Each structure stands twice: as structure tokens, then as C-alpha cells.
Amino acid sequence: MSDEIFRNSFWYADAPAAPATQALEGEATADVAIVGAGYTGLSCALHLAERGARAIVLEADEIGSGASGRNNGQVIPTFSRIEPDALADSTPPEQGGRAKGEQLAQLVADSAAYTFDLIRAHGLDCDAEQRGWVQPVHSPGRVKLAERRVAAWARRGAPVEMLDRASTERITGSRFWYYGWVNRSGGRVQPLAFCRELARVAMAKGAQVFTGSRATALQRQGGRWRVSTRRGAVLAERVVIATNAYTDGLWPRLARTIFPVNSYQMASVPLPDEVRATVLPGVSACSDTQGDLHFFRLTADGRLVTGGGLVFPYDYAQRLRRRIGERVARVYPQVGAPKFDFIWHGSVGVTLDARPHAHELAPGVLAWLGCNGRGIALATSVGAQFARACLGTPLGELPLPFSPVSPVAGHAIGRRIASLALAVFRWRDKREFKALQ
Ligand SMILES: Cc1cc2nc3c(=O)[nH]c(=O)nc-3n(C[C@H](O)[C@H](O)[C@H](O)COP(=O)(O)OP(=O)(O)OC[C@H]3O[C@@H](n4cnc5c(N)ncnc54)[C@H](O)[C@@H]3O)c2cc1C
């Protein structure tokens, strides 16, 4: 993790100040020790504090310095690489089978509404806008997929609808795509502002957050867990490891279950009023069906925030300015090739089976990893569910399949070559475009 890259992001320049925090010094006790101050950890802390439980959050760097302060801010109530029916059908019997997988799919279907309700209930100042999330379709071959998605999420009560070419153009402000579908419960937030605001309300309700306090060891001590940092320790009944793509060696083998894949983000200078009115006029956020994902959203001050992946990271700022500049000019000719004055990146937690993984690592120690790129609403929801578990709800009653930790064979090599998958996605996208010509 590079602090400088996080602090150079547009979100960092734009977000309301973080609540004052300091490093943990000496010993503290809590009902629950939470490792990681992203959406998962802070949502968990907020829900615990609301129920009168003592929660202490330990954050290695600063609030939101993981994926929660670096992402694109699209609040998306779907999975990215697995369909809800497939997820439910493939949930193993020992994890609760189809019924449990279905509960997770329902949690995701409801997750954006849940997140925006939470934001409204606590008055979080984070440029929240819930005008929907659109997934435009980039080739006729993907229209069937979009139809299947609409049917699957509609069965779970999501406010979804299929869009023909004209309505896709009307909603996105672009002629680039064929068809699309929209989920009206989705939207956008200023991601770091959302994270800092979660911390602010959690702390106001009694949770404690310590920054610059990496958890370095986790041991059993006198019937409780001892979470050590460089200059202190927390003794707690329960522990939530909320480190996701930024998971280190705190718990053996956990980091080897996930691939942290770099995603680059860029914010343009504010677009002129008449141009910004033509970009995403009917929706808050957009990410399409391509493997080399095209994604766009505006900020409150009219900047376009977009980005992408790179197979090789050398000279990334210059290459992205050219590559993504050309992309914007192609998709939004009215914008042209904008000037990008902020470029940053962060790690997305990718799992091989495209599912989020929840674990009970030991009695009283919970973790989840693997948002696969759709984690704002999911992490907020899972954090709330983990709080329920810490307050005594049996794990079997949570809408989450719990699996054993299963490290990926050849993980070290896989980590190095994970970004090569993008080359395959691009080749597949190109082939689909060619088929149109
Ligand atoms: C560039 C990018 C774009 C994305 N875009 C979107 C999007 O538009 N929509 C969407 O839904 N999702 C998106 N995501 C995914 C989303 O951001 C994540 O799923 C979500 O933020 C995960 O939250 P979290 O709290 O679980 O983890 P994180 O926010 O990553 O928090 C983990 C924290 O743990 C800390 N930590 C790690 N180890 C330790 C330790 N030993 N001790 C103490 N602290 C530790 C880290 O410093 C970090 O702050 C994106 C992700 C990235 C990186």
C-alpha cells in the first residue's frame, strides 16, 4: 500500500476531514476488536456501538486508506463475475447449500438500498445520490446476459428494467452501447467521505478507532483474544478481520485466498456545465459488460471519474492519460479527451471462484474477503451482519455461507500474473466488437 498514492487521490482532496484519531498506546479492552477501518470494519463498529457493545477498530494507516477510500464510488447491488442463481446453486451443502447461497444473493440485492438508508438515517455527508446504476451492453451477444440478469434480480425484488438502445442512450448520454439494464436502487457516493462519515458516527456512538496501529499478532490469552500492535494491544472477546484485499500475514494463509488486483482511477477537471449535463443524465453511475470494464461517474463538482486496468504498470499515469483519454473521447465525444488532474490506484480483492468468502477463522474470529470489484454496498452490509454475530446471533442464522480458509495453489505466481487476465478480457471484448462489423 502506498500512502502517497492514496493522499494524491481526488477523494482525499475533496472529502470532509476525518475524525481525530491517534495510535493505540498501551492495553485496552473491548467486546470486539476490529482490524481494518474500511466500510466492513466501520459498519461493524457502528452497528455494535448502536447496541451498546464496546468496539475498538485498529487501522494500520488511516481511515479509508484501503479500497474504501480509493474506489470509484459506484454503489452496485450485484455480483460482478457470478450470477445470483449460479452462486446459490453452487453453494456447497456444508456451507448451507442453495438456501444459504440464496440468502447471500438476497443480501446483495438489498445492499444498495440498505447502504443509502444507512446514509440517510445518520445524515452522512458523502455526496450520496441514488438515481440508479446502469450496466450498458457492449455487444448484441451480451443482450441475452443482460436479460437473464434483469430476470434474476427482479425475482429477488430489485427495481431493475431492461433498456432498449434509445433508452440506453437517453440514460447514459452516449451512443456507444447496445441496450442495457438499470437497477434503480444503485447510485454513487464520495467513497472516502462515506468511510470517514461512518467512522465519525461510530465514534460518536462510542466506538474507538486507532489509526497508525497495524495489528501484528493475534493470540489467545486467558479466554480472550489479544490483538497486538507495535505500541499496544486490545483484549477482546471477539475479533473481526476486515482487511479484505489489504490482508497481510496477521492470520496464517488468509492472504493466499485472494488476489489483490490493481485498479486505476482518474478524475478529470470539472466539465463545463453544458457538457456535464449530457453525461449520465438519467443515472448516477455506469459500468458496462466488457471484461476491460468501462466505468464512469460524475462528482458533485462535475468531474468525470473513470479509469481502468493495465496489464503492465510501467509509466502508468502517462499511459492512462492517453488510453483512457481516447476511451472517453470514443464513448463521450461531447467531452472530448479531458484533462485528468488526479490519478491514483488501489487493490480490488478478487477470488478465483468469483464469490465473496466469509470465514470463522477460530471461535470468535470472523473475516470476509473478495468483493470482486463490487464492495461498497456489500462490505457495508456484511459489516452489519458481523456485528449481529458478535452480539450473539448464531453464524448459521446469518445470510452468509461460511467456508474454510482455502489458500490458492501457486498463489505467489498467480499474484504476479493476475493482471495478464486483462489481456485476455481485452482480446475477448475486441472479438465481440469485430463480430459487429
Ligand atoms: C480502485 C478501486 C475501485 C473500486 N470501485 C468500486 C466501485 O465503484 N463500487 C464498488 O462497490 N466497489 C468498488 N471497489 C471495491 C470496494 O472499494 C471494496 O470492496 C471495499 O472498499 C472493501 O471494504 P473493506 O472495508 O472490506 O476493505 P478496505 O476498505 O480495503 O479496508 C481494509 C483496511 O484494513 C487495513 N489493514 C490491513 N491489514 C491491517 C492490519 N494488520 N492491521 C490494521 N489494519 C489493517 C487497511 O489499511 C485498510 O484500511 C473498488 C476497489 C478499488 C480498489
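Summary of the structure given here. (Residues numbered from 1 in each chain as written. Predicted model: local features only at pLDDT ≥ 70, side-chain atom pairs only at ≥ 80, totals over all residues. Heavy atoms only, no water.)

### What to know about unusual backbone geometry
The phi torsion at Arg253 lies on the positive side, around 75°, for a residue other than glycine. The partly exposed category is assigned to Arg253, whose relative accessible area is 44%. Its identity is not glycine, yet Ala354 carries a phi of approximately 65°, on the positive side. Here Ala354 lies in the loop between strand E16 (340-350) and strand E17 (357-362). (Buried < 20%, exposed > 50% of the residue type's maximum accessible area, 1.4 Å probe, protein only. Helix = DSSP H or I, 4+ residues; strand = E, 2+ residues; numbered from the N terminus.)

### Focus: the site of the ligand
Around the ligand, a shell composed of 37 residues is seen, among which Thr40, Glu59, Ser68, Gln74 and Asn244 lie nearest. Contact between the ligand and Gly375: an oxygen atom at 2.9 Å from a main-chain N or O atom of the residue. Expressed as a share of its isolated accessible area of 1000 Å², the protein-covered part of the ligand is 98%. Residue assignment for the shell around the ligand shows that the elements contributing at least two residues are helix H3 (39-50), strand E12 (259-268), E16 and helix H12 (376-390). Residue contributions to the shell around the ligand peak at 3 residues, all from E16. Taken together, the residues of the shell around the ligand sort by class into 13 nonpolar, 19 polar and 5 charged. (Near = heavy atom within 4 Å. Polar contact = N/O pair within 3.5 Å; in protein donor to acceptor, adjacent residues only side chain to side chain. Areas by Shrake-Rupley, 256 points an atom, 1.4 Å probe, with all protein chains shown as cover. Nonpolar A, V, L, I, M, F, W, Y, C, P; charged D, E, K, R; others polar.)

### A few points about the nonpolar core
One finds Ile34, Leu42, Leu48, Phe194, Phe386 and Leu400 to be the most contacted residues of the largest nonpolar core, which totals 79 residues. Tallying contributions element by element places H12 first for this core, with 9 residues. Among residues more than four places away in sequence, those in contact with Leu48 are Val32, Ile34, Ala53, Ala55, Ala387, Cys390 and Leu391. (Core = buried A, V, L, I, M, F, W, Y, C linked by side-chain atoms within 4.5 Å. Contact = heavy atoms within 4.5 Å.)

### Examining helix H5 (residues 97-109)
With 13 residues, H5 should cover 18 Å at 1.5 Å per step; its first-to-last C-alpha distance of 19 Å lies within 8% of that length. All of the buried residues along H5 are Gly97, Lys100, Gly101, Leu104, Ala105, Leu107, Val108 and Ala109. Residues of H5 that are buried make contact with helix H4 (84-89), helix H6 (111-122), helix H7 (143-155) and H12. (Expected span 1.5 Å × (residues − 1).)

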